[in-house]
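Coordinates in review
Each chain is listed here by its residues.
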Amino acid sequence: MRFFKRYNSTIHGNYRKAYLRCGMITGGLLTLYIMVRYMMGSPAESPEAYMSDIIMLVAVLLFTLLYRNALEEKRATLKELMLFGLGTAVVASVLYGLALWLFGYAVPAQTDLFTRTLRGEDAVASAPSHYWAAWWGFESGIKLAVLGGFGAFVAALLFRNEKSEVRSKKDKIN
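Residues numbered from 1 in each chain as written. Predicted model: local features only at pLDDT ≥ 70, side-chain atom pairs only at ≥ 80, totals over all residues. Heavy atoms only, no water.

The next thing to look at is the packing of aromatic side chains. Evaluated as defined, the whole model comprises 5 aromatic pairs. Judged by centre distance (6.1 Å) and plane angle (40°), the ring pair of Tyr-15 and Tyr-19 falls under tilted. Note that Tyr-15 and Tyr-19 are positioned in helix α2 (residues 15-39) at a spacing of 4 residues, about one turn of the helix. Arranged with centres 5.7 Å apart and planes meeting at 20°, the rings of Trp-132 and Trp-136 form a pair that is stacked. Residue Trp-132 and its partner Trp-136 are both found in helix α7 (residues 129-159); the two are separated by 4 residues, about one turn of the helix. In terms of burial, Trp-132 and Trp-136 fall into one category: buried. (Phe/Tyr/Trp six-rings, centres within 6.5 Å; stacked < 30°, edge-to-face > 60°. Helix = DSSP H or I, 4+ residues; strand = E, 2+ residues; numbered from the N terminus. Buried < 20%, exposed > 50% of the residue type's maximum accessible area, 1.4 Å probe, protein only.)

Structure follows, in C-alpha cells:
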C-alpha cells in the first residue's frame, strides 16, 4: 500500500462540478444522435455503434483539454485529469443508458430493431419490448463507460503538464 502514498499531487480546480456539466453534455449528444437518427427515418441499428463510440471519445478528449486550459496557469496532473475524464465518461454513460431505456420504452419499434440486429429474430418474441429496452440501456451504458475510461486515460496522458511530487522514505521518517 505504500505505492499509493508515495505521491503528493495537487488538485488545481473543481473537477467534480466540471465533470458533471461535461458528462451531461456528452450524454445529451449521445442521446440526441439516437433520437435524430430515428426522426430522420433511418433508426440506428445498434445502441452502441462506431458513431456513439466516436462521440464519447472525442467528447472526453476535448472536454479534458478544455478543463485543463480553464485552470489557472493551465497546470494539471495525471490524477486530476484522470478523475475528470472518468467522471465525465460515467455521467455520460449513465445518462445515455437511462435515456436509451426511456426512448426504447416509448418507441418499441426502435427496441425491436436493436433486438433483431443484435440478438436475432427469435429474441424479439422471447420477452416484451420494455424488458429489452432496459437491457439495451444497461448494456450500452456499461460499454460506453469502459470506452470512456480508456479515453480518459489517453486524454490524461496526453494533456498532463505537471508531475506529482514524489516523497521518499527519508521524508516520511522526519
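Turning our eyes to something else, we now look at the packing of α2 against helix α4 (residues 78-106). One can describe the packing of α2 onto α4 by two numbers: an axis separation of 7 Å at closest approach and a directional angle of 35°. Remark: the crossing between α2 and α4 carries right-handed chirality. Of the residues assigned to the contact of α2 with α4, the class counts are 19 nonpolar, 7 polar and no charged. (Axes fitted to C-alpha atoms, helices over the stretch in contact; angles between N-to-C directions. Left-handed = near helix turned anticlockwise from the far one by under 90°. Nonpolar A, V, L, I, M, F, W, Y, C, P; charged D, E, K, R; others polar.)

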